[in-house]
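# Summary of the model geometry
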Amino acid sequence: MHISYNWLARHVDLTGISPEELAENLTLSTAEVEEVFRFAPHLSDVVVGHVLERVPHPDADKLGVCQVDVGQGAPLNIVCGAPNVAGGQKVAVATVGTRLPGDFKIKKSKIRGVPSEGMICSVRELDLGDEHDGIWVLPDACEIGQPVAEALGVVDWVIDIDNKSLTHRPDLWGHRGMAREVAAIFQRELKPLDTSLPELGSGAAFPVTVEDNACSRYLGLAIDGAQQELSPDWLRFLLLAVGQRPLDLLVDLSNFVMLDLGQPNHAFDRSRLGAKGIVVRKARQGETMTTLDGFERKLTTDDLLITDGDRPVALAGIMGGEDSKVEGNTSQLLLEVATFHPGTIRRTSARLGLRSDSSARFEKHLDPTLPEAAAGHFARLLQSIQPGVSFPLALSDAGRWENPAKELRVRPSRIRSRLGANLADAEIVAILERLQLAPQLAGDEITVQVPAARATKDLGLEEDLVEEVGRIYRYGNVPTQNLIGEIVPPPADARRRWVRRLQDALAGGARFHENMGYSFVPDRVLQAMNIAGLPRVQVINPVAEGQAKLRRSVLPTLLEAAQTNRQRHGQVALFEVGKGYLPEAANQHGEPMEVHLLGAVLACAPNLEAAFDAGALPRLHGVARELLSGLGIALAGPEAHTDDSPFFAWAHPKKRMALRSAASGAVLGYVAALDPAVAQNLGFDGDAASDLAVFEISIDRLLEEPPEGSRYRPLPKFPEVKVDVAVLAPDALPAAEIVTSIASAGKGTVQGVELFDLYRGENLGADKRSLAFHVTLASDARTLTDKDQAKYLDRLAKTLEHQGAELRR
């Protein structure tokens, strides 16, 4: 929003305050100033000239040759084509070297053979309006040679304020409100402004009917005898400074009042309104109207209209209508000044893509007491310019509204505590008085009277008053203090610690990538996994069609992500920590049970010639066991996962293993391969065909496991001995029992056992396989010899023989 320095000076004395100082103080106390710039700086380069004579151009009927005195010695010879230029006039002259708007530089030239040493300017050429019928004739009192800006008193500065800083302050969307802030900041008096209505006639008020609550107040002031004419210079220059193009007196006054008080208004041609007068109502379905910009607007029942009964004459709060605009022969006006519901105006403005200065202000919760002041301000300004105007009818005032002014209380101790500044009670009261809040101190409480202009959206809480004191006192004046606080360790969060350890282990040594998916799952994925029929929580407004169901497990999310990535990469290793939602286990409030899960998927190109442990299932099983082992959770021996619930309809019927805790016996999770048909349904076919396995571990169950304390294990004092052992065993003998035998045969010297090969073949016999292990032997007392190794193998052979197995030497 643009604020004119000269315009502010109409309301508050700015003597001794430069535009830059004013801008800095507004930024520190009120709103962010983005820029300060000079209004029409080229007017300081254009000078007042006196036309001594004008003679016809010898070679052009429509041109004249003027002798112009600009106070620089000899008169200038200037060729001019304006029809109204004449001897004796004071005019605006751009001499050679002057730059005009549009980066137009005046040069010495010849026009049809006659030298021209400058340019006599029109209003449009100086970017001061659209008039271009002739040159700009200045008042006779202007001093020859003086810059036009000084001669006419239009040396002005414009303060550009960020609109976002003012959204909560509807009172600052006019110069009067901004001047009130300046007066408070610099401790100066606000100049009086008479906004009372002039004497009105005794005629019955113009009929106004308000049918919708979106208009809380509607004032109509009848005006007779107003004439359209060019606005006086002071008015035109102030409007130009803030970016408004002057048009004619009535339009310019309307804009001036809006920019002065912050209250939009609109003038109708009263003679073109119907017998029913003004009716404020919502638009009818399919209704249309043509606004002042010439566009036909299609309306809905949410749009608020100003009508004369059946015919729309204005789009309420946004723009007037073409059918009732004030034209040159208009002499009977109806000035509309109203208060509209902010949301209604905002929605219509956004839907139509039609934003105006008026709508921008109505969207800010305007003061409903302001329309009467705006009507009085318009009337008195018009009367001062055109004394012959009259106001024949009583004021129309319709609608249901209440004065929003209120009383608030604030404790000085609260202000001191919140600001961290030791302000005396008297100093606080003085600041509130500067803000015109009429404070009254009684004990440890100050009562303030919040005026209507600041009560609609701005001041409503004690904290708001704390802020008022703080911004006028200046936050930069609050003394700095060292922060003093007790450092308290955060409460232990076992769940968070477990999750972090799981994430670090998988993303670290295991070389998995973490996936972060949504909790809702596409229907097509559930159908592909044969689990679409399970009960699920559903969202009312899904982010996308077909994604209304929440997951029960993280696996559907992981598998969808894995399929997408598998098309680009030979191997995909993903994990995700997330939640599943079980509606059948809802609490007494109907909220579904949340289960905290860790899931992982490993998908790689199938290799039929790979070693037994190179497939996705054994590799992922090893990752799961290693992961839990690193957390201090020992698992029981390999065990088939036999859960046949409908959830596992996606899993391979034979290739599933349970992850059972050796300490508690609880099943912590499972590792499984996908059913080949399900994998194909999910898109793991063709180039994306995969050896595919998943695991899922319940974090909730991990938290229930007995904690295992960390123990110190010293480095071995004596060297280790590695022995490779091959065991021929029947298929019925579990590998876990063979590992136990390998360990027990060492009598405390076996430090580690690792399976590295599995072989089946006709030479071994039916229902038999060969398992090869790396065995690490070490003693805490001495270095083991070849004899110790031989004795160990003899003991192992006897132990295996009792189990029906054989040590292959």
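Numbers given to residues run from 1 along each chain, matching the order in which its sequence is written. Reporting of local features is limited, given that this is a predicted model, to residues whose pLDDT is at least 70; pairs of side-chain atoms are given and counted only at 80 or more, and all residues count toward the totals for whole chains, interfaces and linings. Hydrogens and waters are ignored; side-chain quantities use all the structure's heavy atoms.

### Structural notes on the overall build of the protein
Secondary structure elements follow DSSP: runs of H or I of four or more residues count as helices, runs of E of two or more count as strands, with numbering from the N terminus. Within the protein, the regular secondary structure consists of 21 helices and 39 strands. We take the radius of gyration over the C-alpha atoms and set the globule estimate at 2.2 Å times the residue count to the 0.38 power. Whereas a compact globule of 809 residues would reach a radius of gyration of roughly 28 Å, the protein reaches 44 Å, over 25% beyond that. For the C-alpha atoms alone, the extent of the protein along its principal axes is close to 135 × 75 × 60 Å. Any residue under 20% of the maximum accessible area for its type is buried, any over 50% is exposed, and the rest in between are partly exposed; the area is computed with a 1.4 Å probe on protein chains only. Taking all 809 residues of the protein together, the buried fraction comes to 48%. Throughout, a residue-residue contact means that at least one pair of heavy atoms, one from each residue, lies within 4.5 Å. Long-range contacts, defined here as pairs at least 24 residues apart, represent 71% of the contacts in the protein between residues at least 6 apart.

### A look at the environment of Ala-666
You can see Ala-666 is positioned in the loop between strand S33 (651-660) and strand S34 (667-674). The exposure class assigned to Ala-666 is partly exposed, which follows from its relative accessible area of 30%. When the C-alpha atoms of Ala-666 and Pro-592 are compared, they prove to be 24 Å apart, with 74 residues separating the residues in sequence. Setting aside anything within four residues of it in sequence, one finds Ala-666 in contact with Leu-659, Arg-660, Ser-661 and Glu-705.

### A look at the pairing of strand S3 (residues 47-57)
Here, a strand pair is defined by DSSP locating no fewer than two bridges between the strands. Two elements, S3 and strand S6 (residues 90-95), share four bridges in a ladder whose sense is antiparallel. Paired with Gly-49 across the strands is Val-91, a residue of S6. In this antiparallel pair of consecutive strands, S3 and strand S4 (residues 60-69), the connection spans two residues.

### Comments concerning the pattern of salt bridges
Between side chains of opposite charge, a pair can form when the charged atoms approach closely. In the sections that follow, a salt bridge refers to a side-chain nitrogen of Lys or Arg positioned within 4 Å of a carboxyl oxygen of Asp or Glu. According to the stated counting rule, one finds 38 salt bridges in the structure shown. Salt-bridge contacts for Asp-162 lead to Lys-164; the nearest nitrogen and oxygen are separated by 3.2 Å. Across the salt bridge formed by Arg-217 and Glu-372, the nearest N and O atoms sit 3.4 Å from each other. Of this pair, Arg-217 sits in strand S15 (residues 215-224) while Glu-372 sits in helix H9 (residues 370-385), and the two are 155 residues apart along the sequence. Given a relative accessible area of 2%, Arg-217 falls into the buried group. The network of salt bridges with shared partners includes Arg-169, Asp-171, Glu-181, Arg-454, Asp-458, Glu-468 and Arg-471.

### Quick look at the sheet that holds strand S16 (residues 266-269)
A sheet is described by the order of its strands in space; here four strands give the open sequence S16-S23-S15-S24, paired in antiparallel fashion. Every other strand in the sheet has two partners, leaving S16 and strand S24 (396-398) as the edge strands with one partner each. Across the sheet, the mean angle from the axis of one strand to that of its neighbour is 20 degrees, orientation sign disregarded. Summarising the sheet, S15 and S24 pair through three bridges and their orientation is antiparallel. Residue pairing for S24: Tyr-218 is matched across the bridge by Ala-398. To define axes, lines are fitted to C-alpha atoms, for helices over the stretch in contact only, and angles between the resulting N-to-C directions are given on a 0 to 180 degree scale.

### Section: the sheet that holds strand S1 (residues 2-4)
In space, the three strands of this open sheet follow the order S1-S13-S2, with antiparallel pairing throughout. Each of the sheet's edge strands pairs with one partner strand only, and the pair in question is S1 and strand S2 (33-38). Going across the sheet, the axis of each strand differs from the next one's by a mean of 25 degrees, ignoring polarity. Examined bridge by bridge, S2 and strand S13 (residues 157-161) share five bridges and lie antiparallel to one another. Opposite Phe-37, over in S13, you have Val-158 as the bridge partner.

### Quick notes on the environment of Glu-211
Inspection of the secondary structure puts Glu-211 in the loop between strand S14 (208-210) and S15. Judged by relative accessible area, Glu-211 falls into the exposed class, the value being 53%. C-alpha separation for the pair Glu-211 and Val-55, spaced 156 residues apart in sequence, amounts to 66 Å. Contact partners of Glu-211, with chain neighbours within four places excluded, come to Val-279, Val-280 and Arg-281.

### Some words on the packing of helix H11 (residues 425-434) against helix H13 (residues 462-473)
Across the interface, H11 lies against H13 with an axial gap of 10 Å and an inter-helix angle of 90 degrees. By the angle class used here, H11 and H13 are roughly perpendicular. In this structure, H11 contributes Glu-427, Ile-428, Ile-431, Leu-432 and Arg-434 to the contact, and H13 contributes Glu-468, Val-469, Ile-472 and Tyr-473. Reported orientations rely on four angle classes, namely roughly parallel under 35 degrees, roughly antiparallel over 145, roughly perpendicular from 65 to 115, and oblique for the rest.

### Quick word on the nonpolar core
By convention a nonpolar core is built from buried Ala, Val, Leu, Ile, Met, Phe, Trp, Tyr and Cys residues, the set being connected through side-chain atoms within 4.5 Å. Membership of the largest hydrophobic core comes to 48 residues, with the highest contact counts inside it found for Leu-22, Ile-161 and Met-178. A total of seven residues in this core trace back to one element, the largest contributor, which is helix H4 (residues 175-186). Aside from chain neighbours lying at most four places away, what touches Ile-161 is Met-1, Ile-3, Leu-26, Ala-31, Glu-32, Val-33, Leu-166 and Met-178.

### Things to note about the side chain of Ser-698
By secondary structure assignment, the location of Ser-698 is in strand S35 (residues 691-698). Any pair of nitrogen or oxygen atoms within 3.5 Å is treated as a polar contact; in protein, a donor-acceptor pairing is required on top of that, and neighbouring residues in sequence qualify only through side-chain atoms on both sides. Looking at Ser-698, its side chain comes within polar contact range of the main-chain nitrogen of Asp-700, at 3.4 Å. Setting aside residues no more than four positions away along its own chain, Ser-698 makes contact with His-596, Leu-597 and Leu-668.

This is a description of form; function is not addressed.
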